[in-house]
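Here is how the chains run, residue by residue.
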Amino acid sequence: MRRSFLRLVSRRLAAAAPGLAGVVVVTFCLMRALPGDPAAYFAGNAATKEAIEQVRVKLGLDKSLPEQFVIYVRDLARANLGQSVTTGQPVRAEMLARLPASLELTLTALLLAVAVALPAGVLAATRPGSWVDQVVRVLTTAGVSLPTFFTGILLVYVFYYLLGWAPAPTGRLDLLFPTPPRVTGFYLADSLIAGDFETFRACLRQLALPAVTMALFVMAPLARMTRASMLGALGSDFIRTARASGLSSRTVLWTYGFRNAMLPVVTTLGMILSFMLGANVLVEKVFAWPGIGSFALESLLASDYAPVQGFILIMATLYVLLNLAIDVLYGAIDPRVRIEA
């Protein structure tokens, strides 16, 4: 079993290597194809030609594209993502400082979506055509139809501006509360580790609206896929055989039906999480969330190549690791996947 697992991991990593190499090449070319001159932008409107040329030399833009690409790949091999011109800090340090904020928001939203969508999908599948099924359909359709930035602005308007229940959308933590000592980078976990429950509640209040905004959007496809998979599983011959054998309804539903319906749901879950990693940019901008998405967007508007390239590479790497985790989860759900590997 261990050998089959290692073989599966090595095969998936080997298959992902050409894709990552393609991401490096395409990202480099696209960044250089953007309109505008970064050297002129950072030199300022009143800069002379000599000053602009000095900035161009400092950024390495005076070299040919092949030379720039060789330098870029060499730096990547050393885990050097370059330096952000807008902040003056290494991109690697900026990304490592901001990545926990994005992951905390994304994972919280995903857990919230799973906690609601899976039971809702199962409930709708066990009562097809009922009012429960109709309510789930309406809610999932509405959730996927509203863009995240509109949902976020609407939630801020209702719960912060009108009702005053939510804190101001000004980032991860209100200025009145101290930042918890960094252990994991996740404010919720770090505040619990420090035993500061007041800061934990403050962090949770700041996280609530952006997490709900993302969860509402990804909840819809997850609930619809759960419903469809459960309907297919519950109509199968092995379910009828299990019921004819006298097994309890709970055993038939969860042990046989739900487990066999999980493979397409896990696939959808992986696709959703991949989408969330890149789509949290809009949510971060609405709620002033200091994640890597908002940082990459600001860098893109400033024609700052290095942070954008670093963001794309980090997202590509996370996507590869996510697919690997899904394959491993497949093996836990269906042992035949391990055998075939």
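Our subject is the structure that appears above.
Residues numbered from 1 in each chain as written. Predicted model: local features only at pLDDT ≥ 70, side-chain atom pairs only at ≥ 80, totals over all residues. Heavy atoms only, no water.

Visitor: Could you clarify how one ought to interpret the overall build of the protein in this entry?
Guide: Looking only at helices and strands, the protein has 15 helices and zero strands in total. By its C-alpha atoms, the protein is 85 × 55 × 40 Å across when sized along the principal axes. Put simply, the protein has 341 residues, and 40% of those count as buried. A total of about 18,600 Å² of accessible surface is found on the protein, and carbon and sulfur atoms cover 67% of it. (Helix = DSSP H or I, 4+ residues; strand = E, 2+ residues; numbered from the N terminus. Buried < 20%, exposed > 50% of the residue type's maximum accessible area, 1.4 Å probe, protein only. Areas by Shrake-Rupley, 256 points an atom, 1.4 Å probe, with all protein chains shown as cover.)

Visitor: Would you mind showing me how to read the packing of helix α7 (residues 148–162) against helix α12 (residues 262–286) here?
Guide: For the pair α7 and α12, the least separation of the axes is 9 Å and the interaxial angle reads 25 degrees. Here α7 is positioned roughly parallel relative to α12, judged by the angle of their axes. Note that α7 runs across α12; the crossing there is right-handed. Between α7 and α12, the contacting residues are Thr148, Phe149, Gly152 and Ile153 on the first element and Leu282, Val283 and Val286 on the second. (Axes fitted to C-alpha atoms, helices over the stretch in contact; angles between N-to-C directions. Parallel < 35°, antiparallel > 145°, perpendicular 65-115°, else oblique. Left-handed = near helix turned anticlockwise from the far one by under 90°. Contact = heavy atoms within 4.5 Å.)

Visitor: What's the story with the pattern of salt bridges in this structure? I'm lost.
Guide: Oppositely charged side chains can pair when the atoms bearing their charge come close. Following the criterion strictly, the structure yields three salt bridges and no others. Residue Glu94 is joined to Arg98 by a salt bridge in which the shortest nitrogen-to-oxygen separation is 3.3 Å. One end of the pair is Glu94 and the other is Arg98, both in helix α5 (residues 91–126) and four residues apart, which spans about a single turn. On the basis of relative accessibility, which here comes to 11%, the residue Glu94 falls in the buried class. (Salt bridge = Lys/Arg side-chain N within 4 Å of Asp/Glu carboxyl O.)

Visitor: Please clarify how the packing of helix α9 (residues 197–234) against α12 should be interpreted in this entry.
Guide: Packed helices, taken two at a time, are described by the angle between their axes plus the distance between the axes. Interhelical geometry of α9 versus α12 gives an angle of 160 degrees and a closest axis separation of 10 Å. In this view, α9 runs roughly antiparallel relative to α12, as classed from their interaxial angle. By crossing handedness, the relation of α9 to α12 is classed as right-handed. Across from Pro210, Thr213, Met214, Phe217, Val218, Pro221, Leu222, Met225, Thr226 and Ser229 in α9, the residues of α12 making contact are Pro264, Val265, Thr268, Leu269, Ile272, Phe275, Met276, Asn280 and Val283. Residues of the contact of α9 with α12, tallied by class, amount to 14 nonpolar, five polar and no charged. (Nonpolar A, V, L, I, M, F, W, Y, C, P; charged D, E, K, R; others polar.)

Visitor: Looking at this model, I keep getting lost on helix α4 (residues 65–77). Mind explaining?
Guide: For an α-helix, the turn length of 3.6 residues means that residues three or four places apart are oriented alike. Taking 1.5 Å per residue, 13 residues should reach 18 Å; α4 reaches 18 Å between its end C-alpha atoms and fits that length. Those residues of α4 that fall on the buried side of the exposure criterion are Gln68, Tyr72 and Asp75. Considered in projection along α4, the buried side chains sweep an arc of 65 degrees and stay on one side of the axis. Of the exposed residues in α4, those oriented more than 90 degrees away from the buried face are Pro66, Val70 and Ala77. A positive backbone phi angle near 60 degrees is found at Ala79, which sits one or two residues after α4. (Expected span 1.5 Å × (residues − 1). Arc of directions from axis to C-beta.)

Visitor: What exactly am I supposed to notice about the packing of aromatic side chains here?
Guide: Two numbers describe a pair of aromatic rings. These are the distance of the centres and the angle of the planes. If you walk through the whole model with that rule in mind, you get two aromatic pairs. With centroids separated by 5.5 Å and ring planes inclined at 20 degrees, the aromatic side chains of Tyr157 and Tyr161 adopt a geometry described as stacked. With Tyr157 and Tyr161 both in helix α7 and four residues apart, the pair spans about one turn of that helix. Classification of Tyr157 by relative accessible area gives partly exposed; the value is 43%. Of note, Arg172 hangs over the ring of Tyr187, and the distance from its end group to the ring centre comes to 3.7 Å. (Phe/Tyr/Trp six-rings, centres within 6.5 Å; stacked < 30°, edge-to-face > 60°. Lys NZ or Arg CZ within 6 Å of the ring centre and 35° of its normal.)

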